[in-house]
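The lines below spell out each chain.
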Amino acid sequence: MSTGPGADSAPVHKPTLDTRGRGETFSSLRIRNYRLFFTGAIVSNTGTWMARITQDWLVLSLTGSAAAVGITTALQFLPMLLFGLYGGVIADRYPKRRLLLVSQAALGLCGIALAVLTLSGSIQVWHVYLIAFLLGMVTVVDNPARQAFVSEMVGPDRLRNAVSLNSANFQSARLVGPAVAGVLIAGVGSGWAFLLNGLFFLAPLTSLLLMRTSELHKVERAPRGKGQLREGLRYVAARPDLIWPIVLVGFIGTFGFNFPIWLTAFSGDVFHVGAGAYGFLNTLMAAGSLVGALAAARRGSTRLRMLVIAAAVFGILEIAAALSPAFWLFAVLLVPIGMIGLTVNITANSAVQMATDPAMRGRVMSLYMMVFAGGTPIGAPLLGWVTDTYGARVGFATGGVISLAAAVVVGLVLARVGGLKVAWSWRHGHPQVRFVARERLATAA
């Protein structure tokens, strides 16, 4: 099967094609349609983070269980695991702007429904479970459509920059959302945070309606037909530069990104702080994530070596945070955890998108999101149980150990695929590990 032009631009082998925007952090914002998209997204993302923090705290208040928080998170991502690939087929088949108009409106209605239940005083934990599942069903289509729509707005030259700015956008909102949520929860109650989240979706809807469709980059849509799902899976399976980044982010997304469970448990059970401190911890992690996203926006290339190294450092930092004896040390470590975690996500996301043919991008990104977010229904309840049974420190450390192990294994596999081998050496009395070509090792021997 032909790999198409996406293989030629794969960042595994060489820098991206963007020479005009290289080193310019905000180059994609020169494009009007993307500016509209970015502006609407930062408003809705702020509401989403408010609702996410409020939802976790509400469930913990209703049940007193970290496992219940894990179940809520799992239900929100379960549809991605079950139906994520079909969402990619839909995103490749229909106009993505129209799909986003429908999905963003549905997400706003879910937020308003949760607000009505909470403000009326009739909220029960099963209501939160149900709405979390409905949000997940909408996200099945919204995620791949939104990911693939970026290339239609900015074109291939600025795709890596736009992906990084999207993450910076999300993390900027994460700086504001948790803090506002903490104030609202303490001051007027959870329902108002949910209501604002629902209303904030008017911003992306307005942005999408104001776009000039004539300025969008035309992408050939996949015609209706049989076997499109299998075609997408075969395409990824034949490409090591696609499948192994997806495998790595799958492990990290499933076991290493369960922060709603760990931060609520550390706030309530380990350090005995309230909702305000919980929001503060999320804000610190968001600050690190924002730094990581902006740094990624300035980079001129994306390489899988960086992905593997960042994933390994991410696991080590999580283990260190799990063992932190004091609240201040735990809080400080959340900043580099956020920064490196975002680096892993952006590096993998941009590497996969830029190495993929445009006509296949919806299906490939749906697979990416399925393993990254769809593994949460497995990881969240499991690590929630570990956290409840053995304590928050053991739960957090478990996620770090699995992330580190996945980075090491995938790094060795990629080195073997690329004809590389691990070389050990001593320099200035310290051991050094590096990957070198097998031919160089044979010559040296």
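Cut-offs and rules
Residues numbered from 1 in each chain as written. Predicted model: local features only at pLDDT ≥ 70, side-chain atom pairs only at ≥ 80, totals over all residues. Heavy atoms only, no water. UniProt positions renumbered as here; feature names shortened; annotations may be inferred. Helix = DSSP H or I, 4+ residues; strand = E, 2+ residues; numbered from the N terminus. Buried < 20%, exposed > 50% of the residue type's maximum accessible area, 1.4 Å probe, protein only. Contact = heavy atoms within 4.5 Å. Areas by Shrake-Rupley, 256 points an atom, 1.4 Å probe, with all protein chains shown as cover. Core = buried A, V, L, I, M, F, W, Y, C linked by side-chain atoms within 4.5 Å. Patch = residues over 30% accessible without salt bridge, like charges linked within 9 Å, V, L, I, M, F, W, Y side chains within 5 Å. Salt bridge = Lys/Arg side-chain N within 4 Å of Asp/Glu carboxyl O. Phe/Tyr/Trp six-rings, centres within 6.5 Å; stacked < 30°, edge-to-face > 60°.

The name recorded for the protein in an unreviewed UniProt entry is MFS transporter, from Streptomyces flavochromogenes. Word for word, the UniProt comment on the protein under Subcellular location (unreviewed entry) is "Cell membrane".

Chemist: How do you make sense of the overall build of the protein when you look at a structure like this?
Modeler: In terms of regular secondary structure, the protein is built from 18 helices and 2 strands. The buried share of the protein, taken over its 445 residues, is 56%. A fraction of 83% describes how many contacts in the protein between residues 6 or more apart in sequence connect residues 24 or more apart. Total accessible area on the protein is roughly 18,500 Å²; 67% of this is exposed by carbon and sulfur atoms.

Chemist: Where do I start with the side chain of serine 267 in this structure?
Modeler: Along the chain, serine 267 turns up in helix H11 (residues 259-270). Taking the relative accessible area as the measure of exposure, serine 267 reaches 0% and is therefore buried. When sequence neighbours within four positions are dropped, the list of residues in contact with serine 267 reads His272, Val273, Tyr278 and Leu281.

Chemist: Sorry if this is basic, but what is going on with the nonpolar core here?
Modeler: Core analysis: the biggest nonpolar cluster contains 87 residues, and Leu248, Phe259, Phe330, Ile337, Tyr368 and Phe396 have the highest contact counts within it. When near neighbours in sequence (up to four residues on either side) are disregarded, phenylalanine 330 contacts Leu263, Phe266, Phe271, Leu281, Ala321, Ser324 and Phe396. Ranked by size, the runner-up nonpolar core spans 22 residues in total, among them Tyr34, Leu36, Leu99 and Leu165.

Chemist: Is there a simple way to explain a nonpolar patch on the surface in this structure?
Modeler: A cluster of nonpolar side chains, namely Leu81, Leu82, Phe83, Tyr86, Met137 and Ile378, defines an oily patch on the protein surface of about 540 Å² accessible area. Ranked by the residues each element gives to the nonpolar patch, the list is headed by helix H3 (residues 66-93), at 4 residues. With respect to the helices and strands, the residue tyrosine 86 is situated in helix H3.

Chemist: Got a minute to help me understand the environment of glycine 182 in this structure?
Modeler: With respect to the helices and strands, glycine 182 occurs in helix H6 (residues 159-187). Judged by relative accessible area, glycine 182 falls into the buried class, the value being 10%.

Chemist: Would you mind showing me how to read unusual backbone geometry here?
Modeler: Most peptide bonds adopt trans geometry, and most residues besides glycine take a negative phi value. Its identity is not glycine, yet histidine 272 carries a phi of approximately 55°, on the positive side. You can see histidine 272 is positioned in the loop between H11 and helix H12 (275-298). Histidine 272 sits in the exposed class, given a relative accessible area of 60%.

Chemist: Got a minute to help me understand the packing of aromatic side chains in this structure?
Modeler: Here a ring pair, both rings aromatic, is described through the centre-centre distance and the interplanar angle of the planes. Considering all chains together, one arrives at 18 aromatic pairs under this definition. With centroids separated by 5.8 Å and ring planes inclined at 85°, the aromatic side chains of phenylalanine 259 and tryptophan 262 adopt a geometry described as edge-to-face. With phenylalanine 259 and tryptophan 262 both in helix H11 and 3 residues apart, the pair spans about one turn of that helix. For the pair formed by phenylalanine 259 and tryptophan 262, the shared burial category is buried. Centre to centre, the rings of tryptophan 385 and tyrosine 390 are 5.8 Å apart; their planes meet at 85°, and the pair counts as edge-to-face. The structure contains a cluster of three or more aromatic residues connected by ring pairs, namely Phe257, Phe259, Trp262, Phe266, Phe271, Phe314, Phe327, Phe330 and Phe396.

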